[in-house]
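Breakdown of the fold
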Amino acid sequence: GAVVSQHPSRVICKSGTSVKIECRSLDFQATTMFWYRQFPKQSLMLMATSNEGSKATYEQGVEKDKFLINHASLTLSTLTVTSAHPEDSSFYICSASSGGSYEQYFGPGTRLTVT
Amino acid sequence: GENVEQHPSTLSVQEGDSAVIKCTYSDSASNYFPWYKQELGKGPQLIIDIRSNVGEKKDQRIAVTLNKTAKHFSLHITETQPEDSAVYFCAARPRLYGQNFVFGPGTRLSVLP
């Protein structure tokens with residue numbers, strides 16, 4: 001149980017274009033989803049937290065107009081990187097948690113490369 | 001806010017030996033402490049967790065201990081195997097910070113055959 005999927009696993013895009021990453025909870029209802037960013041050999045950095053049906057809460061320093069998060073259902077959240085630039089290249093990972101639960105279950109991650 | 005430190009940053013052990021990774025946290029109100037294993041190119045996998053009202057928890061070869069007074073918790077892996085090689089992250093969940101976690105910087109464990 002507690003399986004989270006992400007799509008795509010890898011994406012290469014050109015500078016200035018937008019990319020959408022999907023995060024799905026496959027066998028539970030995710031009332032809260034989290035989006036993290038991870039640079040090579042570093043820890044996970046929380047970007048934003050989203051509750052189903054509500055606007056996302058962004059961490060300090062994360063541009064909400066650049067990283068658009070939608071959590072329209074209890075099983076799906078999307079992260080759209082708008083007007084991507086090479087410095088946005090990173091490993092993006094989502095996690096999901098069900099209501100009242102402390103555990104967070106992570107997706108397999110999406111490797112974004114902006115050329 | 002909460003701050004989580006983790007030591008060592010790298011750890012090499014011989015197959016069959018034990019490995020111990022330690023984390024300290026600063027917020028005494030933190031109430032949940034998970035450990036994640038991350039293999040190269042993959043997302044973190046929850047391997048064990050402990051709540052603040054428990055001192056120790058064990059699952060086969062993996063155990064976690066929590067010392068609330070000293071504000072530190074440790075991951076113990078016994079009879080290590082090459083497939084245990086990965087990066088391990090500890091995290092703390094500050095009680096007053098919603099469901100968010102604060103992660104440690106990670107420990108790269110290498111189990112040598």
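Now for a look at the structure at hand. (Residues numbered from 1 in each chain as written. Chains lettered and ligands numbered in written order. Predicted model: local features only at pLDDT ≥ 70, side-chain atom pairs only at ≥ 80, totals over all residues. Heavy atoms only, no water.)

1. Section: the overall build of chain B
- Counting its regular elements, chain B contains zero helices and eleven strands.
- Traced from its N-terminal end to its C-terminal end, chain B shows the element sequence β-β-β-β-β-β-β-β-β-β-β.
- In terms of overall dimensions, chain B has C-alpha extents of about 45 × 30 × 20 Å along its principal axes.
- If you sum the accessible surface of chain B, you get close to 5,500 Å²; carbon and sulfur atoms cover 47% of it.
- For chain B, the separation between the mean place of its 12 positive charges and that of its 12 negative charges on side chains is 7 Å. (Helix = DSSP H or I, 4+ residues; strand = E, 2+ residues; numbered from the N terminus. Areas by Shrake-Rupley, 256 points an atom, 1.4 Å probe, with all protein chains shown as cover. Lys, Arg positive; Asp, Glu negative; His and termini not counted. Charge placed at Lys NZ, Arg CZ, Asp CG, Glu CD.)

2. Let's talk about the state of the cysteines
- The full count for this structure, using the stated rule, is two disulfides over all chains.
- The residue that forms a disulfide with Cys23 of chain A is Cys94 of chain A, at a sulfur-sulfur distance of 2.0 Å. On the S-S bond that ties Cys23 of chain A to Cys94 of chain A, the torsion sits near 80°, and the link is right-handed. You can see Cys23 of chain A sitting in strand β3 (residues 19–25) and its partner Cys94 of chain A sitting in strand β9 (residues 90–97), a full 71 residues away along the chain.
- Shown here is the disulfide that connects Cys23 of chain B with Cys90 of chain B, its sulfur atoms set 2.0 Å apart. The chirality of the disulfide connecting Cys23 of chain B with Cys90 of chain B is left-handed, given an S-S dihedral of about -100°. Placement of Cys23 of chain B in strand β3 (residues 19–25) and of Cys90 of chain B in strand β9 (residues 86–92) is noted, with a sequence separation of 67 residues between them. In this pair, the class of Cys23 of chain B matches that of Cys90 of chain B, namely buried. (Disulfide = S-S within 2.5 Å. Buried < 20%, exposed > 50% of the residue type's maximum accessible area, 1.4 Å probe, protein only.)

Bear in mind that shape data such as this cannot, by itself, settle questions of function.
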